[in-house]
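Coordinates in review
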Amino acid sequence: MGTTWTNSNLGYPRLGENREWKRALESFWAGRLDESEFLKEVKELRLSYLKKQQESGLELIPVGDFSLYDHILDTATMFGFIPERFKEDSNTVSLTTYFNMARGTAEAPACEMTKWFNTNYHYIVPEIGDITPVLTENKPLNAYKEAKNELNIDGKPVLTGPITFLKLSKGYSQDDFEKKLDQLLPLYVEVLSELKDAGASWVQIDEPSLVASLPKEDIHFVQKAYDTFAKEVPGLSIMLQTYFEAIDHYEEIVNLPVDGIGLDFVHGREKNIASLEKHGFPTAKTLGVGLVDGRNIWRADLKEKETALQKINQLAPEANKVIQPSCSLLHVPVTKKHETKLESVLHDALSFADEKLTEIVTLSTMINGQAEDKTVKENQQALQRFSENYRKQSADLTKRRESLPSERELSFAERKKYQDEKWNLPLLPTTTIGSFPQTKEVRVARQQFRKGEKTAAEYQEFIQNKMKEWIDIQEDIGIDVLVHGEFERNDMVEFFGEKLNGFAFTSNGWVQSYGSRCVKPPVIYDDVTFDKPMTVAESQYAQSLTDKPVKGMLTGPVTILNWSFERDDISRKEVSYQIAVALSQEVQALEEAGIEMIQVDEPAVREGMPLKTEEWNDYLDWSVHAFRLATSNVKHSTQIHTHMCYSEFQDMIESIRALDADVISIETSRSHGELIESFETAVYEKGIGLGVYDIHSPRVPSVEEMKEMMERALRVLPASLFWINPDCGLKTRNTPETIDSLKNMVLAAKEIRKTQETTTS
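Calculation criteria
Residues numbered from 1 in each chain as written. Predicted model: local features only at pLDDT ≥ 70, side-chain atom pairs only at ≥ 80, totals over all residues. Heavy atoms only, no water. Helix = DSSP H or I, 4+ residues; strand = E, 2+ residues; numbered from the N terminus. Expected span 1.5 Å × (residues − 1). Buried < 20%, exposed > 50% of the residue type's maximum accessible area, 1.4 Å probe, protein only. Contact = heavy atoms within 4.5 Å. Polar contact = N/O pair within 3.5 Å; in protein donor to acceptor, adjacent residues only side chain to side chain. Salt bridge = Lys/Arg side-chain N within 4 Å of Asp/Glu carboxyl O. Pairing = 2+ DSSP bridges. Disulfide = S-S within 2.5 Å. Axes fitted to C-alpha atoms, helices over the stretch in contact; angles between N-to-C directions. Parallel < 35°, antiparallel > 145°, perpendicular 65-115°, else oblique. Left-handed = near helix turned anticlockwise from the far one by under 90°. Phe/Tyr/Trp six-rings, centres within 6.5 Å; stacked < 30°, edge-to-face > 60°. Lys NZ or Arg CZ within 6 Å of the ring centre and 35° of its normal.

1. Section: helix α5 (residues 139–151)
Between the first and last C-alpha of α5 there are 18 Å, a value that for 13 residues agrees with the 18 Å anticipated at 1.5 Å per step. When α5 is considered as a whole, its buried residues turn out to be P140, L141, A143, Y144, E146, A147 and L151. Looking at the buried positions of α5, the neighbouring elements they touch are α2 (35–56), β2 (62–63), α3 (71–78), β5 (156–160) and α7 (177–198). Put simply, N138 is the residue that caps the front of α5, since its side-chain oxygen is 3.1 Å from the backbone nitrogen of L141. Downstream of α5 by one or two residues, N152 has phi in the positive range, about 55 degrees.

2. Considerations on the pattern of salt bridges
Taken as a whole, this structure holds 50 salt bridges when the rule is applied. Put simply, R85 and E127 hold a salt bridge, and the shortest N to O gap is 2.7 Å. Remark: E127 occurs in the loop between β4 (122–124) and α5 and R85 occurs in the loop between α3 and α4 (95–103); sequence separation between them is 42 residues. Judged by its relative accessible area of 33%, R85 falls in the partly exposed class. Of the charged contacts in the structure, one is a salt bridge between E378 and R299, with a shortest N-O distance of 2.4 Å.

3. Some points on the sheet that holds strand β16 (residues 597–601)
Sheet strands pair via backbone hydrogen bonds, and the direction of the pair is either parallel or antiparallel. Here 6 strands make up an open sheet; going across it, the order is β15-β16-β17-β18-β19-β20 and the pairing parallel. What marks the edges here is a single partner per strand, and that holds for β15 (552–555) and β20 (722–723). Strand direction decides the pairing type here: strand β17 (residues 639–644) and strand β18 (residues 663–666), joined by 4 bridges, are parallel. Bridge assignment links H643 to a residue of β18, and that residue is S665.

4. Focus: the environment of A147
Position of A147 among the secondary structure elements: in helix α5. For A147, a relative accessible area of 0% gives the class buried. Residues A147 and K285 lie 138 residues apart in sequence; the distance between their C-alpha atoms is 26 Å. Residues contacting A147, with those up to four places away along its chain left out, are L50, V63, N152 and I153.

5. A few points about the state of the cysteines
One pass over the structure, following the stated rule, counts 0 disulfides. Take C518: it sits in no disulfide, and the sulfur closest to it among the cysteines is that of C728, at 16 Å. Residue classification places C518 among the buried residues on the basis of a relative accessible area of 5%. When its relative accessible area of 15% is taken as the criterion, C728 is described as buried.

6. Observations concerning the packing of helix α17 (residues 440–450) against helix α18 (residues 456–477)
Two measures define how a pair of helices packs: the angle their axes make with one another and the distance between the axes. Between α17 and α18, the shortest axis-to-axis distance is 10 Å and the interhelical angle comes to 160 degrees. Judged on the interaxial angle alone, α18 and α17 are roughly antiparallel. Crossing angle aside, the handedness with which α17 passes α18 is left-handed. Residues E441, V442, A445, R446 and F449 of α17 form the contact with α18, whose own contacting residues are A456, Y459, F462 and K466.

7. What about the packing of aromatic side chains?
Applying the stated criterion across every chain, the model contains 28 aromatic pairs. Ring geometry for W116 against Y123: centres 5.9 Å apart, planes inclined by 80 degrees, an arrangement best described as edge-to-face. A residue is classified by how much of its surface remains accessible, and W116, at 3% relative accessible area, is buried. Ring centres of W298 and F386 lie 5.4 Å apart, and the angle between their planes is 35 degrees; on these two criteria the pair is classed as tilted. You can see W298 sitting in the loop between β9 (286–292) and α11 (302–315) and its partner F386 sitting in helix α14 (residues 373–389), a full 88 residues away along the chain. Through pairs of rings, three or more aromatic residues link up here, namely F28, W29, F38, Y69, Y98 and F99. A cation over a ring is seen here: R19 above W510, with NZ or CZ 3.8 Å from the ring centre.

What follows is the structure, encoded as C-alpha cells:
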C-alpha cells in the first residue's frame, strides 16, 4: 500500500438509491421476474455500486459484500450448511434453496433470524449440526473476477471470518468449537488460495466477534485460524477487520500473522487509542483506521478527524495506514441527494453512504497535505450553522422527568387483582402484537394522502373502514384482546417521530433491516418533546366497535432511540429519557380516553446492548428506567403490555422482569422454542406470551405445531399468567395467510385451554 495514507471502504448498501434491489427481490419472489431476469437486474445494480465507489476516488473497493439476502446466509450456503429440511439432490445451492432457508416453505420453517451485533440489521443464523462442510461456490472469487473483468477494478474481496461465523452459528456444542473450526479452515484456505491465484492483492476478513467480550481461552482458536492462513496461503495480504467496538486482547490480535488490522476509531475510539498508546502497533503491518462513522448519518467534522488522524499517526508512525469507515456502510442510507425537502441547515449537516465515501477520500488527501481549503471551510461552516440553530437542551424537560414516578404504586401481584376483575379474560387469552397486513391498497391510500390526492377526511374514512374490517375479522376468529391494526402507521418508529418534536424525516433514507424489508429511520436532531395526542383517535374508534378490549399501541423509548439516527452531542441515555417523558403524556392521554390496556413495545432493547458485558448493567438500568418513566403513571387496573422480538434474551431476564410490565410477549417460534429453556431456571412471575408462530415466513403453521409450542411453554410457565400470540406484528404478511394462521392459533389455544381447565378442575 506504500508509505502514505490510502483509503478504502468496508461495504456498501445493497438497497439502491430508490430501493431497486428490494423491488427486484420481491418481483422474483412474486414470479414477475424469472431467474435469469432477476440475476441480470441484480448484477447491473452490483456493478453500478462498484462503479460509483470507483468514481468517488476510493483506492481499495470492497467486492463480495453484495448479497441477495444476507451475507451470513451467503457464507453458510457457500460452505454447504444446508439444514436437512431444505436439502436437494445437488452439489450446488439453488436460488430456491437459498431463499427457502431465509423465508421458509409450507413444509419447512425458516432458519432463525436475529440481530447483527447491536445494530438493527438481522442475519440468518447458520445451523451447523452434524453437517460436514463443503465448498459449494467460491463467492468472493466470483465477485473479484466480475469486478476485474467488467470494470477493471482490482477489488478487495470481503468474507466473514471463521471465528465470527462459528460464534454466530447454532446447532453444536461449544465443546465442539475447535472440531468445527478444523473442518472449516481447509475450505477457507481453498477460498483464499483461489483468490491469491486470481491476483487479489488484499482480502478483507471480517471478525467483529473479536470486539465482543471474547474469553481469553478463545484467543487460541483465533491464533490457530490465522496461523493456518499464513502457512497455507503465503503472500496473500489479509486485512483482519474489526468494527462496532474496541478489541480487548489487543496485543494478541495485532500480532497475528496478517498484513493488516482494521480498528473502529468511532465506537471503540477511546479504548483502541489507549491500546495504541500502551502497546504501539507493529511496523510491518497496515493499520485500518475506521474514523468515518458507518452507523450514523451526521457529517464528519473534518478538522476534528484530521486531529485524530495526526494523533494516530504519532502512535503508529511507521505503519502504513488506510482511512476507512468504522464499519460497512450497509447501516446508512445510500445518498442524501434526493433529500430536497429537508431544511437546508439540517440537510447540510447530514452524510449518507455516498457522502461518507467523499469524506474518506477528502480525509486521505488532507492527511497527505493535498486537500483544498474551500472543502474544509465549507464543512466547518455547515457544522457551525447546525450547532447554532439546534440542540439547545431545555431545563423544563428535566423538571418534568423528575416529577414522574418511576415505578407502579402497587406490585404486580397486588394490581393483578384489579386487572383480573376489570378484564375478566379466559385462561390463556389470545391476542396479536399490533399490526395487520399493510396491503397494496393501504400503501396506495397512504401515498395518495401524502400527495394530496386524498383529503384528510377521505383518508380517515379509509383507515376507519380498515379498522372495522379487522375488528370484525378478529371477533369472527375469536381472539380475546383485539388491536386496531395500525393501518395509519407507515413504521412503528417513524409514525411517532412524525408526531413528536425534535425529529426530522428523510424522503429516501432507507436502510435494510432483513431480507427485502427496509426501514427509514427518523433523525433525532433536537430535544424530543410531546406536542399533542398521537394515537388516541384511532384507539377510541376501534374500541367503539367492540365490547372486547382493544389495546392502545405505542413504541417504547429505547426502541425509538435505537431505531433512529440519534443526535450525537448528548448521551443516548438522556435522549431515551426525553422520549420517555413524551410517551408518558401519550399513555396518560390514552388512559383518560378510556383505553386502559396499553402496549408499549420495546423490541430493540436487546439489540442496543453494548458488546462489552461489563457495560451491560449500566445500559439495562437506564433502559428499564426509561420504560418505567413512560408507563408507571397509570391506574392499578390499567394493564401495561410490552413486546420484544428476535434477539437473545436469556442474558437479560432480570431486566425484563424489572420493566414491571403486566404482560410481555417475546419471540420464541423462529428460534424453535429455545427461549423457553430460560424459564426452566429463571422463574417469571408476571404475564407472558411466548410467540407461537413465526410471522416472517409465509407458511401457515398447523394447529398441532402451535399446540406443541404451547405445551412446551406450559411445562415451565403457569397457565394463569400465559398469553397466546404470534411472534411479532403481521404487517408484512398477506391477508389470507394471516387469517388462516390466526384461526389455527385460536383453535390451538382453545384445545390447550380445555386441557388445562380439565387438569385444574
